[in-house]
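# Observations on chain architecture
Here is what each chain is made of, one letter per residue.
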Amino acid sequence: SNVASIVSAEQRFDSNVKIALDKFVDKKDHDKVVVWKGDSTRHLYEIEKQYGPDSFDIIYIDGSHEQNQVLIDGLLAYKLLSPGGFIVFDDYQMDQFPLGSVKLAVDIWYQLNRNNIKPLYKFSSKDPDHPMYDGAPQFLNQTRNETHYLDASQAWFRKLTHTPSKARNF
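Residues numbered from 1 in each chain as written. Predicted model: local features only at pLDDT ≥ 70, side-chain atom pairs only at ≥ 80, totals over all residues. Heavy atoms only, no water.

The next thing to look at is the packing of helix α2 (residues 40–51) against helix α3 (residues 67–80). Packing of α2 against α3 leaves a shortest axis separation of 10 Å and a crossing angle of 5 degrees. As far as their axial angle goes, α3 and α2 are roughly parallel. Residue-level contacts link S40, T41, L44, I47 and E48 of α2 to Q69, I72, D73, L76, A77, K79 and L80 of α3. Along the lines of polarity and charge, the residues of the contact of α2 with α3 split into six nonpolar, three polar and three charged. (Axes fitted to C-alpha atoms, helices over the stretch in contact; angles between N-to-C directions. Helix = DSSP H or I, 4+ residues; strand = E, 2+ residues; numbered from the N terminus. Parallel < 35°, antiparallel > 145°, perpendicular 65-115°, else oblique. Contact = heavy atoms within 4.5 Å. Nonpolar A, V, L, I, M, F, W, Y, C, P; charged D, E, K, R; others polar.)

Let us now look at empty space enclosed by the protein. Gaps left between atoms are located by rolling a probe of water-molecule size over the structure's atoms. Under the definition given, this model contains two cavities of 30 Å³ or more. Of the pockets and cavities examined, the largest cavity occupies roughly 60 Å³. What lines the largest cavity is simply I61, D62, G63, S64, H65, V70, D73, F89, D90, D91 and V102. Every element with two or more residues in the lining of the largest cavity is listed here: α3 and β2 (81–90). Looking at the lining of the largest cavity, its residues break down into four nonpolar, three polar and four charged. (1 Å grid on protein atoms, 1.4 Å probe; cavity = no way out; pocket = protein on both sides within 12 Å on 5 of 7 lines; lining within 4 Å. Points joined across faces, edges and corners; volume = space filled by probe spheres on them.)

Here E66 lies in the loop between β1 (56–61) and α3. For E66, a relative accessible area of 25% translates into the label partly exposed. Note: C-alpha distance between E66 and A105 (39 residues apart in sequence) is 8.8 Å. Separated by 3.1 Å, the side chain of E66 and the backbone nitrogen of N68 make a polar contact. There is a polar contact of 2.8 Å between the side chain of E66 and the backbone nitrogen of Q69. (Buried < 20%, exposed > 50% of the residue type's maximum accessible area, 1.4 Å probe, protein only. Polar contact = N/O pair within 3.5 Å; in protein donor to acceptor, adjacent residues only side chain to side chain.)

The volume enclosed by the largest pocket comes to roughly 1,900 Å³. As for the largest pocket, its lining consists of 38 residues, of which F13, V35, W36, Y60 and D62 are closest to the centre. Breaking the lining of the largest pocket down by element, the ones donating at least two residues are α1 (2–24), α2, β1 and α3. Counting residues per element, the lining of the largest pocket draws most heavily on α1, at eleven residues. For the lining of the largest pocket, the per-class residue count stands at 22 nonpolar, eight polar and eight charged.

This paragraph deals with the confidence of the model for the protein chain. Residues with a pLDDT of 70 or more make up 72% of the protein chain, whose mean pLDDT is 77. For the protein chain, the element scoring lowest by mean pLDDT is strand β4 (residues 143–144), at 46; α3 scores highest, at 95. (pLDDT = per-residue confidence, 0-100.)

So, on to the packing of α3 against helix α4 (residues 102–113). Between α3 and α4, the least distance of the axes is 8 Å, while the angle of their chain directions is 35 degrees. You can see that α3 and α4 cross each other, and the crossing is right-handed. The residues of α4 that touch α3, namely those facing Q67, V70, L71, G74, L75 and Y78, are V102, L104, A105, V106, I108, W109, L112 and N113. A breakdown of the residues in the contact of α3 with α4 according to their chemical character gives eleven nonpolar, three polar and no charged. (Left-handed = near helix turned anticlockwise from the far one by under 90°.)

Our next topic: the pairing of β2. Most of β2 sits out of view: seven of its ten residues are buried. The sheet contact formed by β1 and β2 spans five bridges and is parallel. Each residue of the ladder has a partner; that of Y60, found in β2, is V88. Read from β1 through α3 to β2, the crossover connection turns out right-handed. In this sheet, strand β6 (residues 154–159) lies alongside β2 in antiparallel orientation, the contact comprising five bridges. Opposite V88, over in β6, you have W156 as the bridge partner. (Pairing = 2+ DSSP bridges. Right-handed = clockwise from strand over helix to strand, strands pointing away.)

Right under this line is the structure:
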């Protein structure tokens with residue numbers, strides 16, 4: 001059932017967080033890692049109220065696969081991301097029509113923020129016959145437009161420090 005699948009995914013997530021904490025985070029800092037579960041729009045609003053803008057160095061978005069919600073999550077999370085920070089979208093290549101496309105939502109989010117975001121990594125099928133193939137380079141470490149393509153369904157971006165042009169009129 002769908003409920004059993006969600007419970008299983010949540011248990012796996014909780015287990016993975018515990019493993020990561022035990023392996024990579026000093027015991028004294030475990031309480032600094034906070035997991036929010038539930039409605040992302042409400043949580044992202046509350047997180048901004050609590051921590052303020054530009055307060056996170058890495059944000060990992062792995063929630064709804066509904067196209068509009070992915071875009072909303074990206075827009076709200078962007079405000080929380082500090083300059084130089086990383087934002088990661090999971091399931092980048094997911095297309096679950098009629099829910100839409102995670103890839104399309106992330107690509108639209110990128111277009112809206114392209115002046116202050118640098119794409120670092122994007123998933124690409126390495127098989128040209130695969131329906132999701134996007135023409136990525138075939139060889140490891142080869143890049144196109146300074147974007148590295150990985151065999152993982154994620155898209156990684158780095159927030160730049162924005163400096164307006166001095167020639168710009170206000």
